[in-house]
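Chain by chain, the residues run as shown.
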Amino acid sequence: MKKTTQLYEGKAKKVFLTEDSNLVIQEFKDDATAFNNKKKGTIADKGVVNNAISCKLFTLLEHEGIHTHLVEKLSDRDMLCRHLDIIKVEVVVRNIAAGSLVKRYGFAEGTVLAKPIVEFYLKDDDLDDPLMNESHAVALGVATLEELSVLKNRAEAINAVLKKFFADRKLKLVDFKLEFGRHNGEILLGDEISPDTCRLWDLETNEKLDKDRFRFDLGGVEDAYSEVQRRVLELD
Ligand code: UDP
C-alpha cells in the first residue's frame, strides 16, 4: 500500500491517504513537543521506537478482543491503519498520581489511586485541550452519551490489559492517553500508545522512562525510550 496525499501533519505524526479510501498510513516522526507546543525538540529515532511499541501494543489489544485501527506495520516509521473519523475527545486513564492530577488536585506524586480515574479532555490545541465532563462533550457535539460510555468502558478494559503487560516487564503504567474514532459504525482505538502518550516508571526504582524526561529536561531521553522498546518487544 502506497501513500498518496498527506491528509494531516500533527506534532508527532503525519497521516497520508492511500489508494484505498478505507486505509491511511501513519508516519511516526522524531519531533517532540510538550506543554501544548511551548517546548519543541527532537528525540533521535523516536518515530521508529514509537511505531514499533504501538504496533506491538495494538496487536496485544486485538488479541484481547479490543478493536484498533492497526492493519499492519509497513516499515520502521509507517503504520497502515483503518481510516477513522476521529472523536475529538482525549481519554486519559490514571493509576498513579502524576502530571496534571498533582497540579490540579494536590495529590502527592506517586500516590497509588484506589481505583483508576478516567478523564475526558476536548481535543483542541487552540483551547489547550480543556478537561471536560460528559455534559460538556455532548453540548459541544463531539460525542454522544452512548459513545462516551463506550470510550470509558473501552479505556478501562485497555488499562487492565496494559497494566498487567507492563508489570510483567517491570514497568508501572502510571497514566496514559487514548484516542478513538468511528469506522463503519464501530468505535476503534486509534492514534498511538507509546512513551509519548504514557507515563511509565521502573517498577523497582520509579525511574521515569517516558516523555517526562523530555518535558522536564531530565536527560537520557533516547535511552529511556529504547529501554521501554526493549522491555516491550524483547521480553516475550
Ligand atoms: N497526554 C498525552 N497528550 C496530551 C496530554 C496528555 O499523551 O495532549 C498523556 C501524558 O503523556 C500522560 C497522560 O496523558 O501520560 C496524562 O497527562 P496529564 O493530564 O498529566 O498532562 P501533562 O502533565 O502530561 O500535560
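Note that the coordinates shown come from a computational prediction; the quantities given were computed from them, not determined experimentally. (Residues numbered from 1 in each chain as written. Predicted model: local features only at pLDDT ≥ 70, side-chain atom pairs only at ≥ 80, totals over all residues. Heavy atoms only, no water.)

Section: the site of the ligand
Here is step 1: Not every one of the 16 residues close to the ligand is listed here, only the nearest: Arg94, Ser100, Asp175, Arg199 and Arg215.
Here is step 2: Arg94 places a side-chain nitrogen or oxygen 2.6 Å from an oxygen atom of the ligand.
Here is step 3: Across the complex, the protein chains shield 80% of the 510 Å² of accessible surface that the ligand would expose by itself.
Here is step 4: Looking at the shell around the ligand, its residues break down into five nonpolar, three polar and eight charged. (Near = heavy atom within 4 Å. Polar contact = N/O pair within 3.5 Å; in protein donor to acceptor, adjacent residues only side chain to side chain. Areas by Shrake-Rupley, 256 points an atom, 1.4 Å probe, with all protein chains shown as cover. Nonpolar A, V, L, I, M, F, W, Y, C, P; charged D, E, K, R; others polar.)

Notes on helix H6 (residues 221–234)
Here is step 1: Between the first and last C-alpha of H6 there are 20 Å, a value that for 14 residues agrees with the 20 Å anticipated at 1.5 Å per step.
Here is step 2: Buried within H6 are the following residues: Val221, Ala224, Tyr225, Val228, Arg231 and Val232. All buried residues of H6 fall inside an arc of 130° around its axis, so they share one side. Projecting away from the buried face of H6 at angles above 90 degrees are the exposed residues Asp223 and Glu234.
Here is step 3: On its buried face, H6 is in contact with helix H1 (46–63), helix H4 (145–168), strand S12 (171–178), strand S15 (198–202) and helix H5 (212–215). (Helix = DSSP H or I, 4+ residues; strand = E, 2+ residues; numbered from the N terminus. Expected span 1.5 Å × (residues − 1). Buried < 20%, exposed > 50% of the residue type's maximum accessible area, 1.4 Å probe, protein only. Arc of directions from axis to C-beta. Contact = heavy atoms within 4.5 Å.)

Considering the sheet that holds strand S7 (residues 78–82)
Here is step 1: As summarised here, the arrangement of the five strands in space is S1-S2-S3-S7-S6, forming an open sheet in which the pairing is antiparallel. Of all strands in the sheet, those bounded by a partner on one side alone are strand S1 (3–9) and strand S6 (70–73). On average, each strand axis in the sheet is inclined to that of its neighbour by 30°, with strand direction left out of account.
Here is step 2: Pairing analysis gives three bridges linking S6 to S7, with the strands arranged antiparallel. Its bridge partner being in S7, Glu72 is matched across the sheet by Leu80. (Pairing = 2+ DSSP bridges. Axes fitted to C-alpha atoms, helices over the stretch in contact; angles between N-to-C directions.)

A closer look at a nonpolar patch on the surface
Here is step 1: A surface patch of nonpolar side chains, about 280 Å² in accessible area, is lined by Phe35, Phe216 and Leu218.
Here is step 2: With respect to the helices and strands, the residue Phe216 is situated in the loop between H5 and H6. (Patch = residues over 30% accessible without salt bridge, like charges linked within 9 Å, V, L, I, M, F, W, Y side chains within 5 Å. Salt bridge = Lys/Arg side-chain N within 4 Å of Asp/Glu carboxyl O.)

So, unusual backbone geometry
Here is step 1: Notably, Asn36 is not glycine yet its phi reads approximately 50°, a positive angle.
Here is step 2: Among the structural elements, Asn36 can be located in the loop between strand S4 (31–34) and strand S5 (39–42).
Here is step 3: In this structure Asn36 comes out as partly exposed when scored by relative accessible area, which is 27%.
Here is step 4: Positive phi, close to 80°, is recorded for Asn37, a residue that is not glycine.
Here is step 5: Summarising the element assignment, Asn37 is placed in the loop between S4 and S5.

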